[in-house]
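Take a look at the letters that make up each chain.
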Amino acid sequence: MKLLVCNDYDEMSKKAAALIAAQVKLFPESILGLATGSTPIGTYDELIRLYNAGEIDFSEIETVNLDEYVGLGPDHEQSYRHFMNKQLFNHVNIDPEMTHVPNGLAANPEEEAENYEMMVECLGGIDLQVLGLGPNGHIGFNEPDSFFTPATHVVNLSKETIDANSRFFASRAEVPHQAITLGVKQIMQAGKIILLVNGEKKARALKAAVTGPVTPDLPASILQLHPDCTVFADEAACEWIYDD
Ligand code: GLP
């Protein structure tokens, strides 16, 4: 695991986007694993800028998103499908049919999770996975637990995650209590992983993920075992490095 301390959010976003752009240029048929949340927005903005500058081409890229809220469809502003369309897909030349997000409106979410897992398997897995970090150390929606869940699954969101994500909804009561998320298997089998972390609110989780034991209690800690994982973090998330 490599930790790259960036001066600020802007530098973090540009450096991460440069690595993704290199992947897209060198391997134009890559399968990109994508994340939502506020953290990757700057990275997606930079990818859009590079696309508009004629530097990258998404025409043969296929994407697999990490997760989706159960109960939210593409028309819901807080669904992750809506987020991806708005923050990236609508602004580049990616084929919408080549973008995959779990269906939050599936009648049977467990079956949707199984089908999603099979779909990723059939694509041959993920070449480059982008991740954010939950304040409780979650990746995708793999929440702290007493064991790691390998496959795509339906998860009950923790109180901490519901609290953290309530800022995007009109009220806490509107935050869905369940989500479909890729499990740690597809994430860990990705060829490359980029973990994006900014802000002091993430400092505790980042320190534990990077320096603590590998434990399902802090799901991101499993990334220590990945052979090609780069953490792009801003200074605020890394203040613990300079302690004592
Ligand atoms: C959500 C997503 C995660 C994301 C996390 C952090 O819970 N499921 O994939 O990493 O939020 O969000 P933010 O970047 O807004 O802090």
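The notes below deal with the structure included here. On a predicted model such as this, the values are computed, not experimentally measured, just so you know. Every chain is numbered on its own, with residues counted from 1 as its sequence reads. Reporting of local features is limited, given that this is a predicted model, to residues whose pLDDT is at least 70; pairs of side-chain atoms are given and counted only at 80 or more, and all residues count toward the totals for whole chains, interfaces and linings. The basis for the side-chain values is all heavy atoms of the structure; hydrogens and waters are excluded.

This next bit is on the pattern of salt bridges. The salt bridge definition used is simple: a Lys or Arg side-chain nitrogen within 4 Å of an Asp or Glu carboxyl oxygen. All told, the structure shown has nine salt bridges when counted by the stated rule. For D10, the salt bridge is made with K14, and the minimal N-O distance between the two is 3.0 Å. Of the two residues, D10 and K14 both sit in helix α1 (residues 9–26), four residues apart, roughly one turn of that helix. Relative accessibility decides the category of a residue: with a 1.4 Å probe and only protein chains considered, values under 20% of the type maximum give buried, values over 50% give exposed, and everything between is partly exposed. By relative accessible area, D10 is classed as partly exposed at 43%. Put simply, K15 and E11 hold a salt bridge, and the shortest N to O gap is 3.4 Å. Within this pair, K15 and its partner E11 are both found in helix α1, separated by four residues, close to a single helical turn. A residue is classified by how much of its surface remains accessible, and K15, at 38% relative accessible area, is partly exposed. Given a relative accessible area of 22%, E11 falls into the partly exposed group. Each of the salt bridges in this network shares a partner with another, and the network as a whole consists of E117, E121 and K185. Each helix is a run of DSSP H or I of at least 4 residues and each strand a run of E of at least 2, with the numbering of both proceeding from the N terminus.

If you trace the backbone, T63 turns up in strand β3 (residues 62–65). T63 sits in the buried class, given a relative accessible area of 1%. Spatially, the C-alpha atoms of T63 and V120 are 9.7 Å apart, while their sequence positions differ by 57 residues. Those residues in contact with T63 that sit more than four places away from it in its chain are L32, L34, F89, I94, M98, T99 and H100. Should any heavy atoms of two residues lie within 4.5 Å, those residues are counted as being in contact.

So, on to the sheet that holds strand β7 (residues 153–156). For two strands to be treated as a pair, DSSP must find no fewer than two bridges joining them. Taken in spatial order, the three strands line up as β4-β8-β7 in an open sheet, and their pairing is antiparallel. Both outer strands of the open sheet, β4 (67–69) and β7, are each paired with one neighbouring strand and no more. Direction aside, neighbouring strands of the sheet carry axes that sit 25° apart on average. When β4 meets strand β8 (residues 178–181), the two strands line up antiparallel, connected through three bridges. Within the sheet, the bridge partner assigned to E68 lies in β8 and is I180. Orientation is described by lines fitted to C-alpha atoms, with helices fitted over the stretch in contact, and by angles between N-to-C directions that extend from 0 to 180 degrees.

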